[in-house]
Amino acid sequence: MINTNKEKLLIQEVVGVVSHPTMLVDGGLIGAYVTTWDGRPKIGFGIGGIKYNVKVGDSCFGWPEAEYLEPGVSLKSLEEKSPAPGQQATDRSFYQYSCIGNEVTVINGSAKGIKGIVTGKTGYAGTPYHVLAHFPLEDLKKINIGDKVSIIAEGIGLKIEGFDGEVFNMSPKFLESLGLELDKGMLKMPVTKEIPAYVMGHGVGGDQAGLGHWSIQTSPPDLVKECGLETLRIGDIVACKDILMHYGKGYYKGATTIGIIAFGASDIAGHGPGIFAIAESKSGKLKPIIDPDANVTKYLRVK
Amino acid sequence: MLQTNEDKLVRMAVQGEVIHPRSSGGYSTGPEGEPRIGLGMSGIKYNITVGDLCWGWEGGEHIEPGLTITNKDQKENAALSALACIGDEVEVITGDAKGAKGYIIGKHVNFMVWLKEEDQKKIHIEDKLQIEAWGVGLKIKGYEDIFVNKIAPPLLQKMGIKIKDGKLVVPIAAEFPAYIMGSGYGMWPVSIDYDIETTCPTSNDELNLKNIRFGDVVALKDQLNMWGRGYYKDAVTIGIVIHGWSNIAGHGPGVTTILSAMSGKISTVKDPNANIAYYLGIRERPKK
């Protein structure tokens, strides 16, 4: 059992929009491809939009021509630029306040009233910020690109009493569903895999833990084999050793950060499935426990 | 002498202008959460150039040595970004320093330029510079599978590189493991550097990161900078340190990568004076 400060957290609405797919590289009249680690051209689609057959729990690998494949419905903020000088845009609050496990409701269009759940958060230099949501398949087909969604945002400021570390991006309900134990100050958390620091790629140097992702490299194929990455699934909980995601994202000997895989693999050098952080301990008080079923589908009870 | 295709490369003019320092208007946050004002990007630095230590400048954050230039037209800047190389000759074409000559000494997002001290004092923000861009497409004959990037042919020849047992032997000031490579990872070697992370106190000491100098030639182990930038076991990348220390998690002195190859093509030899300040004649090489 763990004790948290959940009754002190602010619960508020944020509103976003179902995004359209975008390309990693904007094509011109002469054409433009993503270049893979070994110099091959690739279309590289998968960011944004609605995926009818890719969801949390599915493999990160094996989707032809895909890069950064986001599961389910990719949500973006209402505004991506400041509406007027001196005013803040809403994008940062939308991406930062949304937490895994928060309830999502479509608030206009033919899917009005349909409910889903936040399963992931993405974004870093060169790739857009998105909040990823899961909806049951029969409801998914009613949703249109451009529909507005309301998220009941709850989770910022969540703390575990007696834990020398921080938790991020989780609703209290999701945190509780993990069934965690604090044993003599050590927080044990289920993960499918431990990832060594040298496998962490694009995303290093990025935002504070509450925003954006950091990718596990999935090239060259020898590295995937060496580290057993082929079994990674979207939604897997994984531990990153000697990695600290807190005020920023960087190497830190002795630290552990645990995060969730938001999207699929990449063939671009230094890129791969992106992780958003859910917990860190700089002092080594976070203990990963290997559990092959440690995927958000289990804890969110989604299929 | 390395045999190269330098006589077959297009040499062409590109332009940029000195840009003003910028401030985000808030504190930057250190890895332990400490707020600080970070300064050092863009503008003109009168007292920091290649050969100086990256670490130890008060409030220093990604300090760019010398002066920093860009082209304000986005499409023209893309060409400047792709074409100019470290070691290319630069001439000031407007203002009080008109006619002064120097070199490109690095590429962050923008390029850094060295001028003689007396010229550096005359130049102003917004003055224009023209660069004779020379280096795109450079290959070393017999070693075409080594990826050459952003290095002017004359500077490549001055780096003391020898060929031994079928490998290039490159003098380096230091070498670094893959796990310490930070911001810029996964990005395009042609357009941006990547950082040696200086935000883990333990690795700062273990890897002697406080000794890194602007202009140092360094080796990055298990790193391939070819069609992109990432891990590849036993690959070797050679780069030049182009900007200063950082206190933002995952950041630190930046490296423009100039040579990269898979296993067995590049080896290294330690030389504490492997620095472009000496190769370009900007500073006198210390006598052994």
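How each quantity is defined
- Residues numbered from 1 in each chain as written.
- Chains lettered and ligands numbered in written order.
- Predicted model: local features only at pLDDT ≥ 70, side-chain atom pairs only at ≥ 80, totals over all residues.
- Domains from an automatic or database assignment.
- Contact = placed C-beta atoms within 7 Å.
- Helix = DSSP H or I, 4+ residues; strand = E, 2+ residues; numbered from the N terminus.
- Core = buried A, V, L, I, M, F, W, Y, C linked by C-beta atoms within 7 Å.
- Buried ≥ 20, exposed ≤ 12 C-beta atoms within 10 Å, placed from the backbone.
- Pairing = 2+ DSSP bridges.
- Axes fitted to C-alpha atoms, helices over the stretch in contact; angles between N-to-C directions.

A. Seen up close, the domain arrangement of chain B. Residues and elements named next belong to chain B. Domain annotation for chain B reports domain 1 (7-133) and domain 2 (147-279). Taking only C-alpha atoms, the centre of domain 1 and the centre of domain 2 are 20 Å apart. With 31 residues of domain 1 at the interface, the matching set in domain 2 holds 33 residues. Secondary-structure elements contributing two or more residues to the side of domain 1 that touches domain 2 are helix H1 (74-83) and strand S6 (101-107). The dominant element in the side of domain 1 that touches domain 2, judged by the number of residues it contributes, is S6, at three residues.

B. Representation of the nonpolar core. Formed by 175 residues in total, the largest nonpolar core has its most connected members in Ile86, Ile104 and Val113 of chain B. Sequence-distant contacts of Ile104 of chain B, defined by excluding residues within four places in its chain, comprise Ala84, Cys85, Ile86, Gly87, Asp88, Val90, Phe111, Val113 and Ile131 of chain B.

C. Fine view of the sheet that holds strand S1 (residues 12-18) of chain A. All names here are of chain A. Read once around its circumference, the closed barrel built from six strands follows the order S1-S4-S7-S6-S5-S8, with strand pairing classed as antiparallel. The mean inter-strand angle of the sheet, taken between neighbouring strand axes irrespective of direction, is 45 degrees. Bridge count between strand S5 (residues 103-106) and strand S8 (residues 148-153): three bridges; the pairing is antiparallel. Within the sheet, the bridge partner assigned to Val104 lies in S8 and is Ile151.

D. Highlighting the domain arrangement of chain A. Residue and element names in this part refer to chain A. By domain assignment, chain A separates into domain 1 (7-153) and domain 2 (164-300). On a C-alpha basis, the centroid separation for the pair domain 1 and domain 2 is 20 Å. Contacts between the two partners involve 34 residues from domain 1, matched on the other side by 37 residues from domain 2. Only helix H1 (91-97), strand S6 (115-124) and strand S7 (127-134) provide two or more residues apiece to the side of domain 1 that touches domain 2.

E. Up close: the pairing of strand S16 (residues 254-261) of chain B. Residues and elements named next belong to chain B. Burial analysis of S16 places eight of its eight residues in the buried class, the great majority of the element. Bridge count between strand S13 (residues 194-195) and S16: two bridges; the pairing is antiparallel. Its bridge partner lying in S16, Tyr194 is registered against Val255. When strand S15 (residues 229-241) meets S16, the two strands line up antiparallel, connected through six bridges. When the sheet's bridge partners are listed, Gly239 is paired in S16 with Thr257.

F. Local environment of the sheet that holds strand S17 (residues 286-290) of chain A. Residues and elements named next belong to chain A. What the three strands build is an open sheet, ordered S10-S11-S17; its pairing is mixed. In this open sheet, the two strands that pair with only one neighbour each are strand S10 (181-183) and S17. Between one strand axis and the next, the sheet turns by 35 degrees as a mean value, whatever way the strands run. Relative to strand S11 (residues 186-191), S10 runs antiparallel, the two sharing three bridges. What sits directly across from Leu182, in S11, is Leu187.

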